[in-house]
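Remarks on the overall topology
What follows is each chain in one-letter form.
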Amino acid sequence: MKRKLHLSRRVESVLASPIRKFLPLALAAEQRGIEVLRVNVGDSDIPVPKVFWRALRSFRDRNIGYAPSPGIPQHTRAWVKYYATLGVKLRPQDIIPTVGCAEAMLFALLGVADPGDEVLVFEPVYPSYKGFAAMLGIRLVPVTLSVENNFALPPAATIAKKITRKTRAIVVINPNNPTGAVLTKQETARIIQLAKKYHLFIIADETYREIVFQGKPTSFLQSKSAREHVIALDSMSKKFSCPGVRIGAIVSRNAEVMRNVLRVAMVRLSAPTLEQWATIPLLEHAATHARSIAREYQRRRQVVYSALKKMPGVTVRQPAGALYIIAALPIANTEDFVKFLLTEFHYRGKTALVTPAADFYITPGLGRNQIRIAYVLNAARLRQVMEVLERGLQAYRQKYGTA
Ligand SMILES: Cc1ncc(COP(=O)(O)O)c(C=O)c1O
C-alpha cells in the first residue's frame, strides 16, 4: 500500500497573510515595467535612528553567543528605564525581550489560553492574531467595529454579551492596526472594568504606543487597579522604524504570567543577541527618537486622509495614531479592485498595492468594500499613490460598475 506524506491540518487552517498574497501580481507588474507603489505593509522608508548603527558597530565580542532567555540584563534594564519615563515602575523580571511583538503575541496567547478557550478581539484585527489562534486551537470571538463610527468601542454591556465561561482574555491593539484608532480614556476604563469584573487578562498590543497625533503615549500598564490583569506587548519595529531588527517585549506585573512566559521563552532559547545590544541606546532616549518618527507619520496621514476624504463615495475617518487608514470604497469587492490595479491599470507608468480589508475581519463577509493603506512612503510618493487610487477607482467603476 502506498502511504501518503501528511501535513498538519493545524497549519492548513491558517490563512495566507492578506498583506502578502498579492506579491506575485506586484512582481509581474514590475516585470512589465510598471512601478508599484507599495503601501500594503507597515515597512516604512523612515530610517532607523543613527544611535542604533553606532551601537551595532561598537559590538566587540568575537562570538555572537546566545542571549539569556530572560534577556541580556543591560537590555532588560533599558526597557525598565524606558517604562519609568511612562510612569510605569517595573522590575527586570516583569519584562522578557522577544522576537518582535509577533513572538510576544504568541507567548501571551500560549501563556493564558488552552485549546478550546476563547479570546475576545475587536474586528477588524491585526491578522497574526487569527493565525496564532488557529495554530493554538484558541477561538477568537469578535466584537465588530465600524468605519462610520470611527472604530469606537461599543458600550460595556455589548462587549460583555460576548464573554463566556471559556473567555480568558481581551485583546486590545492601541493605537490600532489596521484602523488607526486610539482608545479614549473612557474606552480604556471600560476594558479595565470588564477585565476585572469577568476575571480576564488584557492583552494590550502597544506596538504603536508612541505613534499618536494628539496627547501623550499611554499604556495599560499605567493602570494600578488592573496590575494582575495586564499583559503588554511591545515592539521596537514601529516606534524606532526598524521592523527587521526583530526586537519586542512581553511585559506583565503578574508574576505567574511571567513564570509561564519564561518557560516558553526558554524553549525557544533567546531573542537575538546583537540586536538586543544595539537597541539599548534607542530605549534610553526613546521619547526623542519616537517623537520625530511620529511627527513624520502625522504629516503623511494628512496627505492620505485629505485625499481620501475628497474621493466621491469613499467613507473614511481621520486616524488618531499608528500608520494606517481604512477606507470604505463604493465597490463591492476590493480584492478584485486590488487585482485590477496590479493587472489592468496604471497611471503614467505607476500603480499602487493596497490591502483589501476583508481578511482583517473574523466574521465572514465583512470588510469586503474596504481597503487599508499603510502610509509608509514619503508625502510626495503618497500623493502619487492617492492619484493612482482615485483614477484607478474611476476606471474600475467604468469597467465593472460597483461590482
Ligand atoms: C498590531 C501589531 N502587532 C504586532 C505586530 C508585529 O510587530 P513586530 O514587527 O514587532 O513583530 C504588528 C506589525 O505590523 C502590528 O501591527
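Keep in mind that what you see is a predicted model, and the values were worked out from it rather than measured.

What counts and how
- Residues numbered from 1 in each chain as written.
- Predicted model: local features only at pLDDT ≥ 70, side-chain atom pairs only at ≥ 80, totals over all residues.
- Heavy atoms only, no water.
- Domains from an automatic or database assignment.
- Contact = heavy atoms within 4.5 Å.
- Buried area = accessible area lost by both parts, 1.4 Å probe.
- Salt bridge = Lys/Arg side-chain N within 4 Å of Asp/Glu carboxyl O.
- Polar contact = N/O pair within 3.5 Å; in protein donor to acceptor, adjacent residues only side chain to side chain.
- Helix = DSSP H or I, 4+ residues; strand = E, 2+ residues; numbered from the N terminus.
- Nonpolar A, V, L, I, M, F, W, Y, C, P; charged D, E, K, R; others polar.
- Near = heavy atom within 4 Å.
- Phe/Tyr/Trp six-rings, centres within 6.5 Å; stacked < 30°, edge-to-face > 60°.
- Buried < 20%, exposed > 50% of the residue type's maximum accessible area, 1.4 Å probe, protein only.

1. Section: the domain arrangement of the protein
- Per the domain assignment, the segments of the protein are domain 1 (9-47 + 288-400) and domain 2 (65-286).
- Of note, the centres of domain 1 and domain 2, computed from C-alpha atoms alone, are 26 Å apart.
- Contact with domain 1, which involves 41 residues of that partner, is made by 38 residues of domain 2.
- In total, about 3200 Å² of surface goes out of reach between domain 1 and domain 2, with carbon and sulfur atoms giving 62% of it.
- In this structure, the connection of domain 1 to domain 2 is made through 0 salt bridges.
- Taken together, the connections running from domain 1 to domain 2 amount to 21 residue pairs in polar contact (both at pLDDT 80 or more).
- Looking at the side of domain 1 that touches domain 2, the element that brings in the most residues is helix H12 (residues 286-310), giving 8 residues.
- Residue composition of the side of domain 1 that touches domain 2, by class: 24 nonpolar, 11 polar and 6 charged.

2. Comments concerning the site of the ligand
- With respect to spatial proximity, 15 residues lie near the ligand, and among them Cys101, Asn177, Asp205, Tyr208 and Ser235 are the closest.
- For the ligand, an oxygen atom lies 2.9 Å from a polar atom in the backbone of Ala102.
- Asp205 is positioned with one of its side-chain polar atoms (N or O) 2.7 Å from a nitrogen atom of the ligand.
- The element best represented in the shell around the ligand is helix H5 (residues 100-112), accounting for 4 residues.
- Looking at side-chain class alone, the shell around the ligand contains 7 nonpolar, 5 polar and 3 charged residues.

3. Details of the packing of aromatic side chains
- Under the criterion given, the structure shown has 12 aromatic pairs.
- An angle of 75° between the planes, with centres 5.3 Å apart, marks the rings of Phe340 and Tyr396 as edge-to-face. On the criterion of sequence distance, the pair formed by Phe340 in helix H13 (residues 334-343) and Tyr396 in helix H14 (residues 379-400) is long-range, its members being 56 residues apart.
- The class of Phe340 is buried, set by a relative accessible area of 4%.
- For Tyr396, a relative accessible area of 2% translates into the label buried.
- Both rings, one in Tyr396 and one in Tyr400, keep their centres 5.0 Å apart while their planes meet at 45°; by these two values the pair is tilted. Here Tyr396 and its partner Tyr400 are both found in helix H14, 4 residues apart, which amounts to about one turn of the helix.
- Members of the aromatic cluster, connected to one another through ring pairs, are Phe337, Phe340, Phe345, Tyr396 and Tyr400.

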